Amino acid sequence: NAGVTQTPKFQVLKTGQSMTLQCAQDMNHNSMYWYRQDPGMGLRLIYYSASEGTTDKGEVPNGYNVSRLNKREFSLRLESAAPSQTSVYFCASRAGGHLYEQYFGPGTRLTVT
Amino acid sequence: AQSVTQLDSQVPVFEEAPVELRCNYSSSVSVYLFWYVQYPNQGLQLLLKYLSGSTLVKGINGFEAEFNKSQTSFHLRKPSVHISDTAEYFCAVRQNNAGNMLTFGGGTRLMVKP
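What comes next is a walk through the structure. (Residues numbered from 1 in each chain as written. Chains lettered and ligands numbered in written order. Predicted model: local features only at pLDDT ≥ 70, side-chain atom pairs only at ≥ 80, totals over all residues. Heavy atoms only, no water.)

## Quick word on the layout of surface pockets
Of the volumes computed, that of the largest pocket is approximately 590 Å³. Along its surface, the largest pocket is lined by 27 residues, and Gln37(A), Val88(A), Arg109(A), Gln38(B) and Asn41(B) are the ones closest to its centre. Listing elements by their share of the lining of the largest pocket, those giving two or more residues are β9 (87-94) and β11 (108-112) of chain A together with β10 (87-94) of chain B. Along the lines of polarity and charge, the residues of the lining of the largest pocket split into ten nonpolar, twelve polar and five charged. Considering only enclosed or pocket space, the second largest pocket measures out at about 200 Å³ in volume. If you trace the second largest pocket, you find 14 residues lining it, with Leu45(A), Glu59(A), Gln95(B), Leu102(B) and Thr103(B) closest to the centre. For the lining of the second largest pocket, the secondary-structure elements that each account for two or more residues are β5 (43-49) of chain A together with β11 (102-104) of chain B. (1 Å grid on protein atoms, 1.4 Å probe; cavity = no way out; pocket = protein on both sides within 12 Å on 5 of 7 lines; lining within 4 Å. Points joined across faces, edges and corners; volume = space filled by probe spheres on them. Helix = DSSP H or I, 4+ residues; strand = E, 2+ residues; numbered from the N terminus. Nonpolar A, V, L, I, M, F, W, Y, C, P; charged D, E, K, R; others polar.)

## A short note on the interface of chain A and chain B
Contact with chain A, which involves 20 residues of that partner, is made by 21 residues of chain B. Summing both partners gives a buried area of about 1,600 Å² for chain A against chain B, and 58% of it is carried by carbon and sulfur. Broken down residue by residue, the surface that chain A buries against chain B is led by Tyr100(A), Glu101(A) and Phe104(A), which jointly contribute 35%. Summed over the shared surface of chain A and chain B, the number is one salt bridge. For Lys49(B), the salt bridge is made with Glu101(A), and the minimal N-O distance between the two is 2.8 Å. Secondary structure elements with two or more residues in the side of chain A that touches chain B: β4 (31-37), β5 and β9 of chain A. Grouping the constituent residues of the side of chain A that touches chain B by class yields eleven nonpolar, six polar and three charged. (Contact = heavy atoms within 4.5 Å. Buried area = accessible area lost by both parts, 1.4 Å probe. Salt bridge = Lys/Arg side-chain N within 4 Å of Asp/Glu carboxyl O.)

Encoded structure:
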């Protein structure tokens with residue numbers, strides 16, 4: 001039982017390049033989330049998927065797209081990376097119902113030059 | 001939408017001393033609150049949560065937190081810290097919406113010194 005896994009762990013992009021961050025969970029959770037973490041700002045929600053087949057914007061969605069490929073997988077895509085997207089990205093999942101705690105992956109450290 | 005404020009960005013403390021990390025939330029009818037810990041270069045782990053019932057919540061690693069509705073606070077405490085408690089701690093509140101999103105505070109870096 002690996003929990004929430006993310007790939008890659010590190011990535012360096014040039015401005016304008018695109019990439020997809022992958023996330024998978026093996027806990028049969030319904031909801032999945034993408035956050036970015038910047039110093040002093042805590043975690044901010046980019047997009048979430050309340051259930052398979054649905055996605056919604058969070059607090060900071062501009063410059064990102066997501067795909068809920070199936071119940072296990074939730075990917076985050078940067079179509080044209082900008083230096084402002086340099087951050088650590090975390091994926092999380094939640095079981096559903098009255099279980100509100102989220103379980104986090106190890107993160108992807110992205111640098112855009 | 002609910003919000004969370006962590007009043008201290010850094011808290012230095014000596015080993016075996018007590019510590020309190022402060023968290024205040026915006027008022028709402030029903031509040032679900034969480035504390036997470038992030039060790040260096042890792043993801044976040046749940047320390048404890050308050051959903052209802054007893055206002056004193058015990059978590060892992062000897063931490064506890066007290067829900068205080070009148071002061072809209074959910075402070076995290078440990079009576080005696082270890083070097084291994086050095087980490088960043090995040091308070092979070094559940095948003096009462098379809099996504100059940102969590103809103104996080106800015107984090108408090110706990111630095112335990114020998």
